[in-house]
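# Reading the structure
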There are 2 protein chains.
Amino acid sequence: MPIEAYEPPYYVAVFTTVRTQEQSGYCETNARMEELVKDIPGYLGMDHAQTPGGLGITVGYFRDAEALTEWRTNAEHRAAQERGRAEWYQSYTLHVAKVERSHGFLRG
Amino acid sequence: MPIEAYEPPYYVAVFTTVRTQEQSGYCETNARMEELVKDIPGYLGMDHAQTPGGLGITVGYFRDAEALTEWRTNAEHRAAQERGRAEWYQSYTLHVAKVERSHGFLRG
């Protein structure tokens, strides 16, 4: 199930990635980050999709800019980002945006 | 390659989906929408990732809110949205957000 439509305003961090062939340690670090982010006050949830051999998209949802700043500057997260650039990512883009409108659909 | 980091402000439309078993006509309509959206002034691009049997995430990038309104209210797009709710989607969420910050990384 995708993350629901929260009441705006809230923030999304859209992280789009292409990975390298060198993925040693990636899974463990990714799992650790998924746990760690849950401790950030204002963290709302995460969606992830991965096309096999292609693009990965992770969307993190946060209540406010302060929550995002706390996550961005977390020491363990920063170490993981650095290792990502050194080993795991061929390219990535991060878009941080304030949600103005949202809605959801669930089949009845 | 993921869509690059444009100069803010710009808009993202984050569309997260779980599809039904009934996918007749989906591919053709999706391909048509990918063509149609290119005619919208202010359309910047799109990223898509699909976990097999799981979540799909499409992120559309637009220069301003007017471009998004034009796309949202396009007659052929509206018909596709309606068919999506009737047939193709088990659930979805749409988050429309104004990008405040972005950056990219490309392995040297």
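Residues numbered from 1 in each chain as written. Chains lettered and ligands numbered in written order. Predicted model: local features only at pLDDT ≥ 70, side-chain atom pairs only at ≥ 80, totals over all residues. Heavy atoms only, no water.

Tallied over the full model, the rule gives 16 aromatic pairs over all chains. When the centroid spacing of 6.5 Å and the interplanar angle of 85 degrees are considered together, the rings of Tyr26 of chain B and Tyr89 of chain B count as edge-to-face. Note that Tyr26 of chain B is positioned in helix α1 (residues 26–36) and Tyr89 of chain B in strand β4 (residues 89–106), a separation of 63 residues in sequence. For Tyr89 of chain B, a relative accessible area of 9% translates into the label buried. Ring-pair connections join several aromatic residues into one group, and the members of that group are Phe15, Tyr26, Trp88, Tyr89 and Tyr92 of chain A together with Phe105 of chain B. Over the ring of Tyr26 of chain B we find Arg19 of chain B; its NZ or CZ atom is 3.9 Å from the centre of that ring. (Phe/Tyr/Trp six-rings, centres within 6.5 Å; stacked < 30°, edge-to-face > 60°. Helix = DSSP H or I, 4+ residues; strand = E, 2+ residues; numbered from the N terminus. Buried < 20%, exposed > 50% of the residue type's maximum accessible area, 1.4 Å probe, protein only. Lys NZ or Arg CZ within 6 Å of the ring centre and 35° of its normal.)

Looking now at the relation of the copies chain B and chain A. Two chain copies, one operation linking them: a rotation about an axis together with a shift along it. Each copy superposes on the other: chain B lies on chain A with an RMSD of 0.0 Å after a rotation of 180 degrees and an axial shift of 0.0 Å. Considering both components of the superposition, the chain copies are consistent with a two-fold axis. When you check the interface residues of chain B against chain A, 100% turn up at the interface there too, and the contact is symmetric in its surfaces. (Least-squares fit on C-alpha atoms with pLDDT ≥ 70 in both. Contact = heavy atoms within 4.5 Å.)

Our focus in this paragraph is the sheet that holds strand β4 (residues 89–106) of chain A. Within a beta sheet, neighbouring strands are joined by backbone hydrogen bonds and run either parallel or antiparallel to one another. Taken in spatial order, the 8 strands line up as β2(A)-β3(A)-β1(A)-β4(A)-β4(B)-β1(B)-β3(B)-β2(B) in an open sheet, and their pairing is antiparallel. Looking at the sheet topology across the chains shown, the edges are occupied by β2 (43–50) of chain A together with β2 (43–50) of chain B. Sheet twist, expressed as the average angle between the axes of neighbouring strands with direction ignored, equals 25 degrees. The pairing of strand β1 (residues 10–19) of chain A with strand β3 (residues 56–62) of chain A spans 7 bridges and is antiparallel. When the sheet's bridge partners are listed, Ala13 of chain A is paired in β3 of chain A with Gly60 of chain A. Across the sheet, helix α3 (residues 75–88) of chain A lies against β1 and β4 of chain A together with β4 of chain B, angled at about 120 degrees from β4 of chain A, the strand it touches most. (Pairing = 2+ DSSP bridges. Axes fitted to C-alpha atoms, helices over the stretch in contact; angles between N-to-C directions.)

The next subject is the packing of helix α2 (residues 65–73) of chain B against helix α3 (residues 75–88) of chain B. Between two packed helices, what matters for the description is the angle formed by their axes and the separation of those axes. Residues and elements named next belong to chain B. It is at 5 Å that the axes of α2 and α3 come closest, and there the two elements cross at 60 degrees. Between α2 and α3, the angle falls in the class oblique. Of α3, the residues touching α2 (which contributes Trp71, Arg72 and Thr73) are Ala75, His77, Arg78 and Gln81. Here the contact of α2 with α3 is built from residues that sort into 2 nonpolar, 3 polar and 2 charged. (Parallel < 35°, antiparallel > 145°, perpendicular 65-115°, else oblique. Nonpolar A, V, L, I, M, F, W, Y, C, P; charged D, E, K, R; others polar.)

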